[in-house]
Structure formats: C-alpha cells, structure tokens
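# Results of the structural survey
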Amino acid sequence: MIALEMGASSRMIGMLKPGQRVVVMGPTGAPTEVPESSTVLLLGGGLGNAVLFSIAKAAKEKNNKVIYFAGYKKAEDIFKREEIEAATDVVIYSVDSGQPIPAQRPQDKSFVGNIIQAMIAYASGQLGEIPIPLNEASRVIAIGSDRMMEAVTKARHESLKPYLNECHEGIASINSPMQCMMKAVCAQCLQRHVIPGTNEEVFVFTCFNQDQKMDEVDFANLNSRLKANSLMEKISNKWLDYIIEKHSLMKV
Ligand code: FES
C-alpha cells in the first residue's frame, strides 16, 4: 500500500505508529482490463505512476509488450523505479522542467517537457532508435490528473494521431470525488459521459469502474466536480498545520 501525502487525511498517515491498527476503505472498483499477447501503451502522470506500474506488471504477465511513459513534475518525484522497469519493455521518463531523469537501460529514454511532447519526440525518432513503435499498441491506458488525461484524450485525435494505431482503445482511470465507495449507493462518484456519434448523455458510477473510455468522458464536468472540494481541502490542510504546530506532533 502506498500513501501519498496530498491532503489532511493522507498527511496524518505519517503520524501512525508501528503496530497501530488501521482500517482501510476504498473504492473496490474493477480490475483493469489488459489484453493478452498484444502491446499496451501506458501513460502515467505524477501520482498515477503509483498505480500504473501494477498494471504494467499485469500486462507483462499476460505476455504483452509494454511501452511506458512516466511523466513527473521534477526528477525527484520518481519512485518505484525498479518495479516500473521490471514490468516494461521500454520506459520514457519525462519531467516538466529541471534536470531530466537519466535512463538506466539502453532502450529507455529521457525527456524534458510534458508527456504528449515526450510521446511525439519518441514516436518521431527524436529520442533515437524506437524499440517499439507506438502504433503497435492496441490499448492506451492513462492515469494522471484530470487535465493530463484530457490532454491525452484530445492529442490522440490531433498531434499524436499520425503515430497511433487508429483502432486503439483509449482508457482513462477516472478520479471522481467519492463518498461511500461501495458501488452505486451514494452517487457521489457519478461521472458524466457523452457518447461520440450520438451525443447521448450517460452517467456512470466511477467507484464501480474507474477505467472509462477516454472519448466518452466529459472532462470539463470532472474538473468542475473535483474543484468543488478544493476549499474544504485547503481549510483542512491549514487546520492540520495548526494542530501539528500547536501540539508538536511528529511524523514517525
Ligand atoms: S462513491 Fe458512493 S456510489 Fe460511488
């Protein structure tokens, strides 16, 4: 289990003491579907990489070739590098700015820029030899911020289009706000979809299945829902800062 200190509750995890009992609750979701004996293209943005390397492992176990773009804000954000490399055929590390992440294996690449620019640089040969062309991939799975996944969704039809297999399936791991996480109970996690072609409006429970077809997801709706909690998150974080300082609480 990996806990990333993002908000008040996750920051409190750092204060748990060894041996302390913890009750964990989360969306049960659905296992990510991975094809067999094919090629998958995995795109991880920041925290998304904490989940994506497990999907890479599952894909490898099903005899897939795995191309993995691991995007971070800065080089020091990287974690679980060994696990990522153990489950992939080629990794392209990118950072938005600053020092690049040096590649360790001969087939891996390094880039400074966003993940879409990294994909274009790889696919067009700017990063040198292309061990596996992007258009071999039958499935593209993106996990990152809603903005990153929206950018990938659009770029597949624009700047990335010449490099991708036109029949590929694009999947985004949607991070809707949740409450009960018990599948179709509270409806807090509803995500709006618009079906391409018919423009039919559909709502799905994200806690039932986080993996959703990129081209159906209404990302503007997702972004505005995610922002709805922003004020409470900031206030909780400030309150926690105050409590930590007042009571000299220490991380374990
Ligand atoms: S979070 Fe309650 S139904 Fe999905």
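Every value quoted in this text rests on a predicted model; they were computed, and no experiment measured them. (Residues numbered from 1 in each chain as written. Predicted model: local features only at pLDDT ≥ 70, side-chain atom pairs only at ≥ 80, totals over all residues. Heavy atoms only, no water.)

### Details of helix 6 (residues 219–227)
- When helix 6 is considered as a whole, its buried residues turn out to be Phe219, Asn221, Leu222 and Asn223.
- Its buried side turned inward, helix 6 meets helix 5 (146–155), strand 6 (169–173) and strand 7 (190–194).
- By the N-cap criterion, in which a side-chain oxygen at the helix start approaches the backbone nitrogen of a residue two or three places on, helix 6 is capped by aspartate 218, the distance to alanine 220 being 3.1 Å. (Buried < 20%, exposed > 50% of the residue type's maximum accessible area, 1.4 Å probe, protein only. Helix = DSSP H or I, 4+ residues; strand = E, 2+ residues; numbered from the N terminus. Contact = heavy atoms within 4.5 Å. Polar contact = N/O pair within 3.5 Å; in protein donor to acceptor, adjacent residues only side chain to side chain.)

### So, the pairing of strand 4 (residues 109–112)
- The alternating pattern of strand 4 places Lys109 and Phe111 on a buried face and Ser110 and Val112 on a face that is not buried.
- Sheet topology places strand 3 (residues 90–95) next to strand 4; four bridges connect them, and they run parallel. The residue bridging valine 95 from the neighbouring strand is valine 112, located in strand 4. (Pairing = 2+ DSSP bridges.)

### Regarding the packing of aromatic side chains
- Counted by the stated rule, this structure contains two aromatic pairs.
- On the basis of an interplanar angle of 90° and a centroid distance of 5.6 Å, the ring pair of phenylalanine 69 and tyrosine 122 is categorised as edge-to-face. Of this pair, phenylalanine 69 sits in strand 2 (residues 65–72) while tyrosine 122 sits in helix 4 (residues 115–123), placing them 53 residues apart in sequence. (Phe/Tyr/Trp six-rings, centres within 6.5 Å; stacked < 30°, edge-to-face > 60°.)

### Concerning the domain arrangement of the protein
- The domain architecture assigned to the protein consists of domain 1 (34–173) and domain 2 (174–252).
- Just the C-alpha atoms count here: the centres of domain 1 and domain 2 sit 24 Å apart.
- Together, the buried faces of domain 1 and domain 2 total about 1,200 Å²; carbon and sulfur atoms form 55% of this surface.
- If you sort the residues of domain 1 by the area they bury against domain 2, Asp146, Ala172 and Ser173 come out on top, with a joint share of 40%.
- Counting every contact that joins domain 1 to domain 2 gives one salt bridge. (Domains from an automatic or database assignment. Buried area = accessible area lost by both parts, 1.4 Å probe. Salt bridge = Lys/Arg side-chain N within 4 Å of Asp/Glu carboxyl O.)

### Considerations on the pairing of strand 1 (residues 39–45)
- Most of strand 1 sits out of view: seven of its seven residues are buried.
- Covered by surrounding structure in strand 1 are Thr39, Leu41, Leu43 and Gly45 together with Val40, Leu42 and Gly44, the residues of both alternating faces.
- The pairing of strand 1 with strand 2 spans seven bridges and is classified as parallel. By the bridge assignment for strand 2, leucine 42 is matched with tyrosine 68.

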